[in-house]
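Tertiary structure, described
Spelled out, the chains give:
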Amino acid sequence: MKILVINSGSSSIKFQLLEMDNEAVLASGLVERIGEEEGQLKCTFMPGTASENVVKIAEPIADHNKGMLLAVNLLTNPEHGVLADKSDIAAVGHRVVHGGEDFHQPAVITAEIMDAIKKNIPLAPLHNPANIDGIRVAQELFPGVPQVAVFDTAFHQSIPPHAYHYALPYELYEKDRIRRYGFHGTSHKFVANECAKLMGKPIEDLNIISVHLGNGCSMTAVKNGKSVDTTLGLTPLEGLVMGTRSGDVDPAIHAFLARNRGMSIDEIDTMLNKESGLKGLCGLNDMRDIHDAIGAGNERAKLALDVQTYRNKKYIGAYMAVLGHVDAIIFTAGIGENDEIVRAKSVEGLEPFGIVMDAQANGQRVKKPTLLSAPESRVQIWGIPTNEELAIAREAQSLVCA
Ligand code: ADP
């Protein structure tokens, strides 16, 4: 059974074609710069397919429709041998960023489901419209093929009220639905389930802290398989220090900047989302560049690393308190999988709490699930590569086969 996974952004579409019989990736691609003078489509066909190589197309790509059409033409081109006909696709899985309080689970897309996704546009004004574009285009291109929406927020709908409410006037929740929603849910759920398999226990018997550190970063407390708290909030800005996003700040900073610097709401929003985090502290937002700069004696780069890893540790401590008993801590995503220094610094000093990293096991990039803790560690520490596309494809498969 072949499943196509689509992650549609405002000017890009990421896609992946998977053979679910063996969960192999047949092709993986990215359409970029949609609507610009020159668009680009890059697609990698995986080893074992007819053309194990990268195909690049550069031409104007007016809209999502054209972008997806180019992708489908490429996938069905006999030269590549991955898809005989587009009707061979059993389902299309879509990443949808915000499901609000409407979605606790993935859903097969119907007219009502589309309306509910639209209703949540105010909560994700940049993401949900782009996701909707992707769904519309796929519905046109694959008539009759089930389309499944998998929500970044759904896994976190189990968070209890005392953890999702902000201490604000209650009517802001009732009228504007202002609360913690959390994101990266597909990733946290995927790695938590992988971890349970690796530990040989049902996820319902485990308490896990999942630490997703990529460009965007978040941490989730998973109790008996369910998310009970997470660091991202109403929007993907709260919590941990990210590449360009601030994470937690004193909310009064907004008023301070408006009054003392005359900054507008939009300017403050842009600053917190695009010019803060690691980049704000040291001018660099890629952890590899930060390590190089530290090696060259750059003090600000060291500060950025220290601020991020201190915040990680602080939230690990908070979630240990939330969970009471912790079986495992998982590191995942670009930094979590690749950066031994960030992992080590994020748990340094937690030995009295039964968290002991094994320096040798941790001293490598994690290409496959790897136990990183020492044998005496009461809490196991795992590095587990995340795979949001596979997670979306599995969800789509289980819904269409149900
Ligand atoms: P996204 O949140 O966009 O999906 P990723 O999970 O791919 O991001 O993570 C991207 C980040 O991972 C990069 O910005 C970089 O900081 C970090 N990263 C990637 N490779 C390495 C590496 N080898 N060492 C340290 N950090 C890395």
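Preceding this paragraph is the structure being described.
For the structure given in this document, a descriptive report is provided here. (Residues numbered from 1 in each chain as written. Predicted model: local features only at pLDDT ≥ 70, side-chain atom pairs only at ≥ 80, totals over all residues. Heavy atoms only, no water.)

It is worth spelling out the overall build of the chain at this point. Summing up its helical and strand segments, the chain has 15 helices and 14 strands in all. For a compact globule of 402 residues, the expected C-alpha radius of gyration is about 21 Å, and the chain comes in at 22 Å, within 12% of that figure. Projected onto its principal axes, the C-alpha positions of the chain cover 60 × 55 × 45 Å. In the chain, which comprises 402 residues, the proportion classed as buried is 50%. Accessible surface computed for the chain: about 18,100 Å², of which carbon and sulfur atoms make up 52%. (Helix = DSSP H or I, 4+ residues; strand = E, 2+ residues; numbered from the N terminus. Rg over C-alpha atoms; globule rule 2.2 N^0.38 Å. Buried < 20%, exposed > 50% of the residue type's maximum accessible area, 1.4 Å probe, protein only. Areas by Shrake-Rupley, 256 points an atom, 1.4 Å probe, with all protein chains shown as cover.)

The next subject is the sheet that holds strand 14 (residues 380-383). Strand-to-strand pairing in sheets goes through backbone hydrogen bonds, with the strands running parallel or antiparallel. One open sheet accounts for six strands, arranged 11-10-9-12-14-13; its pairing is mixed. Every interior strand has two partners, whereas the edge strands, strand 11 (226-230) and strand 13 (370-371), have only one. Two strands pair when backbone bridges link them, and strand 9 (residues 207-213) and strand 10 (residues 217-223) are joined in this way by seven bridges, in the antiparallel orientation. Bridge pairing in strand 10 links V211 to M219. (Pairing = 2+ DSSP bridges.)

Further remarks concern helix 10 (residues 287-295). Here helix 10 has its buried residues at M287, I290 and A293. What you see down the axis of helix 10 is that its buried residues fit within an arc of 115°, all on one side. Opposite the buried face of helix 10, by more than 90 degrees, sit the exposed residues R288, D292 and G295. Packed against the buried residues of helix 10 are helix 9 (277-282), helix 11 (299-323), helix 12 (333-338) and helix 13 (340-347). Looking at the residues trailing helix 10, positive phi occurs at G297, about 90°. (Arc of directions from axis to C-beta. Contact = heavy atoms within 4.5 Å.)

Attention shifts here to empty space enclosed by the protein. By the definition in use, this model includes one cavity of 30 Å³ or more. Volume-wise, the largest cavity comes out at about 50 Å³. Taken together, H165, Y166, L168, P169, Y170, L172, Y173 and I178 form the lining of the largest cavity. Partitioning the lining of the largest cavity into residue classes produces seven nonpolar, one polar and no charged. (1 Å grid on protein atoms, 1.4 Å probe; cavity = no way out; pocket = protein on both sides within 12 Å on 5 of 7 lines; lining within 4 Å. Points joined across faces, edges and corners; volume = space filled by probe spheres on them. Nonpolar A, V, L, I, M, F, W, Y, C, P; charged D, E, K, R; others polar.)

Let's shift gears to the side chain of N120. Mapped onto the elements of the fold, N120 is located in the loop between helix 2 (111-119) and helix 3 (127-141). Note on N120: relative accessible area 0%, which makes it buried. Reaching out from N120, the side chain makes a polar contact with the backbone oxygen of A116 at a distance of 3.0 Å. Those residues in contact with N120, other than ones at most four positions away along the chain, are H98, G99, G100, D102, N128 and R177. (Polar contact = N/O pair within 3.5 Å; in protein donor to acceptor, adjacent residues only side chain to side chain.)

Applying the stated rule across the entire model yields 16 salt bridges. Measuring nitrogen to oxygen at the nearest pair gives 2.8 Å for the salt bridge that ties E101 to R179. Of this pair, E101 sits in the loop between strand 6 (89-96) and strand 7 (107-108) while R179 sits in the loop between helix 5 (170-176) and helix 6 (185-199), placing them 78 residues apart in sequence. The closest approach of N and O atoms between K189 and E395, which form a salt bridge, is 3.0 Å. A residue pair is termed long-range when its members are at least 10 positions apart, and K189 in helix 6 and E395 in helix 15 (residues 388-401) qualify at 206 residues. According to the relative accessible area criterion, K189 is partly exposed, its value standing at 28%. Exposure remark for E395: the relative accessible area of 17% places this residue in the buried category. Overlapping salt bridges, with partners in common, bring together E23, E194, K197 and R394 in one network. (Salt bridge = Lys/Arg side-chain N within 4 Å of Asp/Glu carboxyl O.)

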